[in-house]
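Chain by chain, the residues:
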Amino acid sequence: MTQTVQPPTVQTSSTPQERVDLWLANFEAALAARDIDRAAGMFAVDSFWRDLVAFTWNLKTVEGRDAVAAMLHARLEDTDPTNFRTSETPDEADGVTSAWIEFETATGRGKGHLRLKDDEAWTFLTTMQELKGHEERRGRNRVKGAVHGSGGDTLSWAEKREIEEKELGYARQPYVLVIGGGQGGIALGARLRQLGVPAIVVDKNERPGDQWRNRYKSLCLHDPVWYDHLPYMPFPDNWPVFAPKDKIGDWLEMYTKVMEIPYWSSTTCTSATFDEDTKEWTVVLDRDGEEVVLHPKQLVLATGMSGKPSVPTFPGQDVFKGEQHHSSRHPGPDAYAGKRVVVVGANNSAHDICKALYETGADVTMLQRSSTHIVKSDSLMDLGLGDLYSERALAAGMTTEKADLTFASLPYKIMHEFQIPIYQKIAERDKDFYDRLEKAGFKLDFGDDESGLFMKYLRRGSGYYIDVGASELVADGSIHLVSGQVDRLTEDAVVLTDGTELPADLVVYATGYGSMNGWAADLMGQEVADKVGKCWGLGSDTTKDPGPWEGEQRNMWKPTQQEALWFHGGNLHQSRHYSLYLALQLKARHEEIPTPVYGLQEVHHLS
């Protein structure tokens, strides 16, 4: 049984720098002495240590002194951390001292963030940034490219690439196979390439970026450009704030080429099985009509958290004479001018599709089945993202890396407390806007605890719309709004449970997507999917995010209950940031560095 840890007596220092230096020195001394009770006692009673790979070989948040002590008892000896130091001058606000830190472990170098309250750690972030002896060839460590002098390698760069492309997957097996070549798979492929891990990214589409090109023509990113950079290569400073889908598609294709990511397009995976004896996968692929069998040691599903359409089943779908499709298959509005369209759903895709259809001359009805959180894009950019991801943030010295780590430094358990005031300000600023929507009959919410968009996204990945114009069309009646549940379809209408009939030539199911482990069920069988359990969500016990509390997002970017199976997905921000930690975990295994996982996630929900 873990002994309850008591805090040491710490003398308050006069400046933020002195307070942080003293805490780090005392903490490092306690760790060096293996005095775990003293080290854990330096944390506040209500405290959080979030570790991304550096200590736990996991993505893991421990809460409170006893949990800190338990983690250190399991991991301190192997980790052997040293050289804790600040990387810039700490600051203080509202009684909290904040500091950016750096440190080393036996196997790697890390960065982190510390918040002190009354000279005790309130939040502590530790992240692995590189493995010792396996640093990326970048900056001063970059490769020359050219061969200087005589008697050296006579093959050109292009010839070496051609040989590699012919051999990898045939004469030579990849160590990692990444299934899914959207932004997640491409970002991870770039990371693995730079770390020297043999990997192949496969995708069913003909070209990288087709995942975006093939969506409805009005689709643009709703997140701003500063939030969306890929690793190594940020968007140029003339890039649109909200990138149109085809520009994103072209960027991903260009990025794949110039980052030299081994990428197999027109390739589908038909099955994958893991051999417990050989510790490798057998993956059967259809590569543009050719059957290829690969034997990677690690398999990553990067098929997207919004990749497996959730299509509802209603009576009468087989007798409906019009057209019906999921929003992921919606081609755009051009063919539907003058048509009657019912869009089932009221979140991002539903609003985008309704707006484009209305502007093309269709008679559009949005069917809202449950309440939706709406936030105006301008308000979100100013109040929600402006301090971290904006020109304003850049001018204040907030780099993308620093912004990502700032976001990561807030434990999920208390993140909603920081979000609620932001959305209170948004609700006040845009009161007239919300009043008009409610008067039109739109059912609004700000999340179960009024914490708004980001928490809804992290908890359930659905239930919101970032307004770029469609809400005004709903408010003024240009887009018809009906609330209710579908009972059935007839030959030419959608019928609701209250008897309301909505005449339709087209029904669009903007009904979202299922859990990523649905892809595991398709490729590996339901037994593996159930072994892994539900992907995404925090266990917040809010709508569509059942408890118990997980502390991190379920199954994402970290070891799962199925050995050598990983999930990688999310928005462009998450694809950029978390691809680093997943790549380092895979690199360590490739180099046969011991990776004892602390706190492997338990499975509480199957899907």
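Above this note sits the structure.
Quick caveat, the model's predicted, so the values are computed rather than measured.

(A) Representation of the sheet that holds strand 21 (residues 486–489) in the model. Strand order in the open sheet made by the three strands is 21-22-23, with antiparallel pairing throughout. Two strands close off the open sheet at either side, each with one partner strand: strand 21 and strand 23 (501–503). Across the sheet, the mean angle from the axis of one strand to that of its neighbour is 25 degrees, orientation sign disregarded. For strand 21 and strand 22 (residues 493–496), the ladder comprises three bridges, and the chain directions are antiparallel. Looking at the pairing, Leu489 lines up with Val494 of strand 22.

(B) Spotlight on the environment of Asp35. Here Asp35 shows up in the loop between helix 1 (16–32) and helix 2 (36–40). Placed 325 residues apart in sequence, Asp35 and Thr360 show a C-alpha to C-alpha distance of 69 Å.

(C) The arrangement of helix 3 (residues 65–79) in detail. In the structure, helix 3 departs most strongly from a straight axis at His73, where the bend amounts to approximately 45 degrees. For helix 3, the full list of buried residues reads Arg65, Val68, Ala69, Met71, Leu72, Arg75, Leu76 and Thr79. In this structure, the buried residues of helix 3 make contact with helix 1, helix 2, strand 1 (43–52), strand 2 (59–63) and strand 7 (120–131). Looking one or two places after helix 3, you find Asp80, whose phi comes out positive at around 45 degrees.

(D) A look at the environment of Ser478. One can find Ser478 in the loop between helix 15 (470–475) and strand 20 (480–483). For Ser478, a relative accessible area of 18% puts it in the buried group. Setting aside its immediate chain neighbours within four residues, Ser478 contacts Tyr358 and Leu473.

(E) How the structure looks around a negative patch on the surface. There is a patch of like negative charges on the surface, built from Glu206, Asp286, Asp288, Glu290 and Glu291. Of note, Glu206 is situated in the loop between strand 9 (199–202) and helix 6 (210–213). Its relative accessible area of 59% is what places Glu206 among the exposed residues.

(F) Looking closely at the packing of helix 9 (residues 377–385) against helix 12 (residues 412–429). For the pair helix 9 and helix 12, the least separation of the axes is 10 Å and the interaxial angle reads 145 degrees. Handedness of the crossing formed by helix 9 with helix 12: right-handed. Residue-level inspection shows Asp378, Ser379, Leu380, Asp382, Leu383 and Gly384 of helix 9 in contact with helix 12, the latter providing Ile422, Tyr423, Lys425, Ile426 and Arg429. By residue class, the composition of the contact of helix 9 with helix 12 is five nonpolar, two polar and four charged.

(G) Just the nonpolar core, in detail. If you look at the biggest cluster of nonpolar residues, it comprises 166 residues, and the most contacted ones within it are Trp23, Phe27, Trp49, Leu72, Val343 and Met524. By residue number, the principal contributor to this core is helix 18 (residues 572–590), which donates nine residues. Excluding residues within four positions of it along the chain, Phe27 makes contact with Ala39, Met42, Phe43, Trp49, Phe84 and Phe124. Formed by 14 residues, the second largest nonpolar core is a distinct cluster that contains Val344, Val486, Leu496 and Val507.

(H) Region of interest: the sheet that holds strand 13 (residues 290–294). The strand order across the open sheet formed by three strands is 11-12-13, and the pairing between neighbours is antiparallel. Unpaired on one side and paired on the other, strand 11 (267–275) and strand 13 mark the two borders of the sheet. The average angle at which neighbouring strand axes cross in this sheet is 15 degrees, direction not considered. As judged from the eight bridges shared by strand 11 and strand 12 (residues 280–287), these two strands associate in the antiparallel manner. Along strand 12, the bridge assignment pairs Thr268 with Asp286. The strands that helix 16 (residues 517–524) touches are strand 11 and strand 12; relative to strand 11, the one it contacts most, it runs at about 80 degrees.

(I) Looking closely at the packing of helix 11 (residues 400–408) against helix 18. The N-to-C vectors of helix 11 and helix 18 enclose an angle of 85 degrees; their axes lie 11 Å apart at closest approach. Viewed along their axes, helix 11 and helix 18 adopt a mutual orientation that is roughly perpendicular. Taken together, the residues of helix 18 that come into contact with helix 11 (itself represented by Thr400, Asp404, Leu405, Phe407 and Ala408) are His573, Arg576, His577 and Tyr581. When the residues that make up the contact of helix 11 with helix 18 are grouped by side-chain class, the tally is four nonpolar, three polar and two charged.

(J) Structural detail: unusual backbone geometry. For the bond running from Gly547 to Pro548, omega is 10 degrees, close enough to zero to count as cis. Mapped onto the elements of the fold, Pro548 is located in the loop between helix 17 (526–532) and strand 25 (565–567). For Asp541, which is not a glycine, the phi torsion comes out positive at approximately 60 degrees. Within the secondary structure layout, Asp541 lies in the loop between helix 17 and strand 25. Here the phi dihedral of Glu592 falls at roughly 60 degrees; this positive angle occurs in a residue that is not glycine.

(K) Expanded view of the packing of aromatic side chains. Taken as a whole and assessed by the stated rule, the structure comprises 29 aromatic pairs. Residues Phe274 and Trp281 carry aromatic rings whose centres are separated by 5.1 Å and whose planes lie at 55 degrees to one another, so their mutual orientation is tilted. For the pair formed by Phe274 and Trp281, the shared burial category is buried. Ring geometry for Phe314 and Tyr509: centres 6.2 Å apart, planes at 45 degrees, overall tilted.

Cut-offs applied
- Residues numbered from 1 in each chain as written.
- Predicted model: local features only at pLDDT ≥ 70, side-chain atom pairs only at ≥ 80, totals over all residues.
- Heavy atoms only, no water.
- Pairing = 2+ DSSP bridges.
- Helix = DSSP H or I, 4+ residues; strand = E, 2+ residues; numbered from the N terminus.
- Axes fitted to C-alpha atoms, helices over the stretch in contact; angles between N-to-C directions.
- Bend = angle between axes of the 7 residues up to and from the residue.
- Buried < 20%, exposed > 50% of the residue type's maximum accessible area, 1.4 Å probe, protein only.
- Contact = heavy atoms within 4.5 Å.
- Patch = residues over 30% accessible without salt bridge, like charges linked within 9 Å, V, L, I, M, F, W, Y side chains within 5 Å.
- Areas by Shrake-Rupley, 256 points an atom, 1.4 Å probe, with all protein chains shown as cover.
- Salt bridge = Lys/Arg side-chain N within 4 Å of Asp/Glu carboxyl O.
- Lys, Arg positive; Asp, Glu negative; His and termini not counted.
- Charge placed at Lys NZ, Arg CZ, Asp CG, Glu CD.
- Left-handed = near helix turned anticlockwise from the far one by under 90°.
- Nonpolar A, V, L, I, M, F, W, Y, C, P; charged D, E, K, R; others polar.
- Core = buried A, V, L, I, M, F, W, Y, C linked by side-chain atoms within 4.5 Å.
- Parallel < 35°, antiparallel > 145°, perpendicular 65-115°, else oblique.
- Phe/Tyr/Trp six-rings, centres within 6.5 Å; stacked < 30°, edge-to-face > 60°.

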